[in-house]
Amino acid sequence: MSSSRYFRAEIRENRPLNGNHNLLTLANLDPMREPQPGQFYMLQVSKGSDPLLKRAFSLFRRTPEGIQILYRIKGKGTSILRDMKEGAALDLLGPLGNGYPMPSDDQSPLVIAGGIGIASVFSLVEKLSKKAFVFYGARLEEELFMTDELGKIYKELVVCTDDGSCGVRGTVVDVLHDFVKNRDGIQRPVIYACGPHVMLAAIAKAAEAYSIKAYASLEEHMACGVGACLGCAVKTTSGYKRVCKEGPVFDSQEIVWQP
Amino acid sequence: MAAMKLEVHIGKLKLKNPVMTASGTFGYGEEYSEFVDLNRLGAVVVKGLSLEPKQGNPPPRVVETASGMLNAIGLQNIGIERFISEKMPFLRRYDTAVIVNFFGDSVDEYAAAAERLSGVDGIHGLEMNISCPNKQEGWCIFGTDPKVTARVVGEVRKRTSLPLIVKLSPNVTDISLMARAAEDAGADAVSLINTLTGMAIDIRTKKPRLANRTGGLSGPAVKPVAIRMVYEVFRAVKVPIIGMGGIMSGDDAVEFLLAGASAVAVGTANFVDPGATTAILDGIIDYMEKEGTGEIGSLTGTAHAG
Ligand SMILES: Cc1cc2nc3c(=O)[nH]c(=O)nc-3n(C[C@H](O)[C@H](O)[C@H](O)COP(=O)(O)OP(=O)(O)OC[C@H]3O[C@@H](n4cnc5c(N)ncnc54)[C@H](O)[C@@H]3O)c2cc1C
Ligand SMILES: Cc1cc2nc3c(=O)[nH]c(=O)nc-3n(C[C@H](O)[C@H](O)[C@H](O)COP(=O)(O)O)c2cc1C
Ligand code: FES
């Protein structure tokens, strides 16, 4: 039985962006379900049993012929993915989880990305069509991606790097503090964030202090991706929840942030 | 060729074919229903349940290892009452046997859980997971001492007339002793193997990868161990055996049947291919066609001949 959330796609392009990040363009070969910003896919990168499990990647962008994924080459699975060529076919499960709840017309979306976290929020910025204030941080200039494309779709963009090699020197959390303190004109801000755990925890804390609603997209190790194995648990104020099913996007105040 | 017979019997429970799901890898059935026609399965075995809901372990709970994975879910579950009220209505819609996997912290809890599950409309069988610690008696695992196994199975047997499968732990010196203890205490079948206790350490952080430190190994990596254990248990007991551990294909499943299993369960493979269960069933049917096997039962234990 072929289902629209388990489908095959063909690699159209697997383009290196720098030494350890690639942009993967896939064309679906089977009918596929329409994804929402913030949802993710599980990709099978091997035919054999090692590596065995699928790898989770956010929807980076919906394209007319399929989807794109922006990935960091981290270990075994992503190294295999990097070496895959145009024309190769992959099995995908998705779109999975819940995407970002869209803001209402009178809210001002602040979209915050740390490093590869841009992969998850890019399509949200796109969908918000020039309404989003985007804060995008990375360690170094070489790790800031798609800033040209972002240029066409944001309302305002602040980039920052740890060493100041590009944009503001500092983190997106510093940028957020500055922004909230110096802009009283901003109507009902709401935060959308994806990035390293420490960054998300700091944003959650800031959001609480400023009484701003914040949504954070989390990562956890996964096996099934569909809510069956309970492997991807994250601690919340109402017990463990599954990142793949109740997440990956959570209200940041709901998460019990680990130090 | 005459119609192929795929039906198998587990005690008085009749399954339309030998392919079941392995507990804990298929949720409560619902999670995979968009990928698999549940009506095609021999049985759906649900995530292990206890009388009271359980929180489970802190993350990370799963890590991948060579051709396998370690899990330390910590038996998280919604509890028997919520399962009955929230999950059973869905499962009753299918023409597939529902087998409920359950566990307890003490002999009394096992017995009470079995009693509560018996008589619930739509539950066709019970699988008791004895790979859990006995809180009352020094936390030793129920399934590693044949005397304790006999006692807990015996108490459960008194409280249920449903077909009772005892799921054996492979973390023992001689699994056939445990199988015999379960059979003698009234089990209608045994299932094996549960996961093998293992560990993985991150050489960068120098710490165990799982928050729980140890976890249960499953997947293709464990298959040879599981095959050997099914083979041994087949020699030790008369009750049917449900074989599992690393089954990824129809051929893998056939290997279990030849070693002595009457039915098989598919676990980790569901994570690799959400349609694995029915693909494995198709693989078994292919094999039977090629070999001219008319009846699935004739494969069971064939590797012991001669
Ligand atoms: C919902 C979600 C969305 C994600 N989106 C993206 C994305 O858009 N781009 C991107 O580059 N990465 C993303 N990740 C992280 C990505 O899944 C991991 O980097 C990847 O699995 C690493 O695989 P590997 O085999 O190369 O690494 P290894 O370290 O060799 O992997 C070993 C095992 O750990 C798991 N694992 C390792 N790191 C992570 C992690 N951070 N999160 C979850 N599992 C992990 C792997 O899946 C694998 O099972 C996302 C993760 C989740 C959970
Ligand atoms: C994530 C996960 C959760 C599991 N949960 C249970 C459980 O609740 N009860 C149980 O008896 N076995 C549980 N098991 C064990 C499986 O049912 C099965 O015995 C084991 O994984 C071997 O089969 P496999 O290699 O096909 O996965 C679990 C296994 C995994 C991987
Ligand atoms: S990955 Fe299995 S429940 Fe989330």
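Higher on the page you've got the structure.
What counts and what doesn't
Residues numbered from 1 in each chain as written. Chains lettered and ligands numbered in written order. Predicted model: local features only at pLDDT ≥ 70, side-chain atom pairs only at ≥ 80, totals over all residues. Contact = placed C-beta atoms within 7 Å. Helix = DSSP H or I, 4+ residues; strand = E, 2+ residues; numbered from the N terminus. Nonpolar A, V, L, I, M, F, W, Y, C, P; charged D, E, K, R; others polar. Axes fitted to C-alpha atoms, helices over the stretch in contact; angles between N-to-C directions. Parallel < 35°, antiparallel > 145°, perpendicular 65-115°, else oblique. Left-handed = near helix turned anticlockwise from the far one by under 90°. Buried ≥ 20, exposed ≤ 12 C-beta atoms within 10 Å, placed from the backbone. Pairing = 2+ DSSP bridges. Core = buried A, V, L, I, M, F, W, Y, C linked by C-beta atoms within 7 Å. Domains from an automatic or database assignment. Near = placed C-beta within 6 Å.

Caption draft 1: Quick look at the interface of chain B and chain A. Facing the 33 residues of chain B at the interface are 25 residues of chain A. Among the secondary structure elements, those contributing two or more residues to the side of chain B that touches chain A are β5 (62-65), β6 (68-71) and α7 (269-272) of chain B. Of the residues that constitute the side of chain B that touches chain A, the class distribution is 16 nonpolar, 12 polar and 5 charged.

Caption draft 2: Highlighting the packing of helix α2 (residues 107-117) of chain B against helix α3 (residues 146-159) of chain B. Residue and element names in this part refer to chain B. Running from N to C, α2 and α3 cross one another at 30°; their axes reach a closest spacing of 8 Å. If you check the angle between α2 and α3, you find them roughly parallel. Note that α2 runs across α3; the crossing there is right-handed. Contacts between α2 and α3 involve Val107, Tyr110, Ala111, Ala114 and Glu115 from the former and Arg151, Val152, Glu155, Val156 and Arg159 from the latter.

Caption draft 3: Representation of the pairing of strand β8 (residues 108-114) of chain A in the model. Residues and elements named next belong to chain A. In terms of burial, β8 is a largely internal element, 6 of the 7 residues being buried. In this structure, β8 lies alongside strand β12 (residues 189-194), joined through 6 bridges in parallel fashion. The partner of serine 108 across the bridge, within β12, is proline 189. Here β8 pairs with strand β9 (residues 133-138) via 5 bridges, running parallel.

Caption draft 4: Inspection of unusual backbone geometry at higher detail. With omega at 5°, the peptide bond leading from Gly247(A) into Pro248(A) counts as cis. Along the chain, the position of Pro248(A) falls in the loop between β15 (239-242) and β16 (249-251). Omega for the bond connecting Leu192(B) with Ile193(B) falls within 30 degrees of zero, at 10°, which places this linkage in the cis form. Positionally, Ile193(B) belongs in the loop between β10 (189-192) and β11 (196-199). The residue Ser129(A) is not glycine, and still its phi comes out positive at about 20°. By the secondary structure assignment, Ser129(A) is in the loop between α2 (118-127) and β9. Positioned with a positive phi, Met146(A) is a non-glycine residue whose angle comes to about 60°. Among the secondary structure elements, Met146(A) is positioned in the loop between β9 and α3 (147-151).

Caption draft 5: Spatial organisation of the nonpolar core. Within the largest apolar cluster, 182 residues are counted, with the highest numbers of intra-cluster contacts made by Val111(A), Ile112(A), Ile203(A), Val190(B), Val230(B) and Val264(B). By residue number, the principal contributor to this core is helix α5 (residues 223-236) of chain B, which donates 7 residues. Structurally, this core is a two-domain feature, drawing no fewer than three residues from each of domain 1 (6-96) and domain 2 (108-254) of chain A. In this structure Val190(B) touches Ile165(B), Val166(B), Leu168(B), Ala179(B), Ala182(B), Val233(B), Val237(B), Val239(B) and Ile241(B), once residues within four positions along its chain are discounted.

Caption draft 6: Highlighting the sheet that holds β16(A). Residues and elements named next belong to chain A. Judged by pairing direction, the sheet is mixed, and its 7 strands sit side by side in the order β11-β10-β9-β8-β12-β13-β16 without closing on themselves. Of all the strands in the sheet, just β11 (168-169) and β16 have a single pairing partner and so form its edges. Its contacts with the sheet place α2 against β8, β9, β12 and β13 (213-217), and it is angled at close to 155° to β8. Sitting on the sheet, helix α5 (residues 197-209) is in contact with β8, β12 and β13, with an inclination near 170° to β13.

Caption draft 7: The arrangement of the site of ligand 1 in detail. In the vicinity of ligand 1, 24 residues are found, and the nearest of them are Ser58(A), Gly75(A), Gly77(A), Thr78(A) and Ala119(A). Residues within reach of ligand 1 are spread across chains A and B. For the shell around ligand 1, the secondary structure elements donating two or more residues are β4 (55-58), β6 (66-72), α1 (76-82) and α2 of chain A. Broken down by element, the shell around ligand 1 gets its largest block of residues, 4 residues, from β4(A). Of the residues that constitute the shell around ligand 1, the class distribution is 11 nonpolar, 6 polar and 7 charged.

Caption draft 8: Main features of the site of ligand 2. In the vicinity of ligand 2, 27 residues are found, and the nearest of them are Ala22(B), Gly24(B), Gly48(B), Ser218(B) and Gly267(B). Each of chains A and B places residues near ligand 2.

Caption draft 9: Molecular detail of the environment of Leu52(A). Following the sequence through the fold, Leu52(A) ends up in the loop between β3 (40-44) and β4. Considered as a pair, Leu52(A) and Ala223(A) are 171 residues apart in the sequence and their alpha carbons are 9.5 Å apart. Those residues in contact with Leu52(A) that sit more than four places away from it in its chain are Glu64(B), Ser67(B), Gly68(B), Met69(B), Gly219(B) and Val272(B).

Caption draft 10: Representation of the environment of Arg8(A) within the structure. Residues and elements named next belong to chain A. Looking at where arginine 8 falls in the secondary structure, it is placed in strand β1 (residues 6-18). Sequence separation between arginine 8 and glutamine 44 is 36 residues, and the spatial gap between their C-alpha atoms is 9.9 Å. Excluding anything up to four places from it in sequence, arginine 8 contacts Leu29, Asp30, Ala89 and Asp91.

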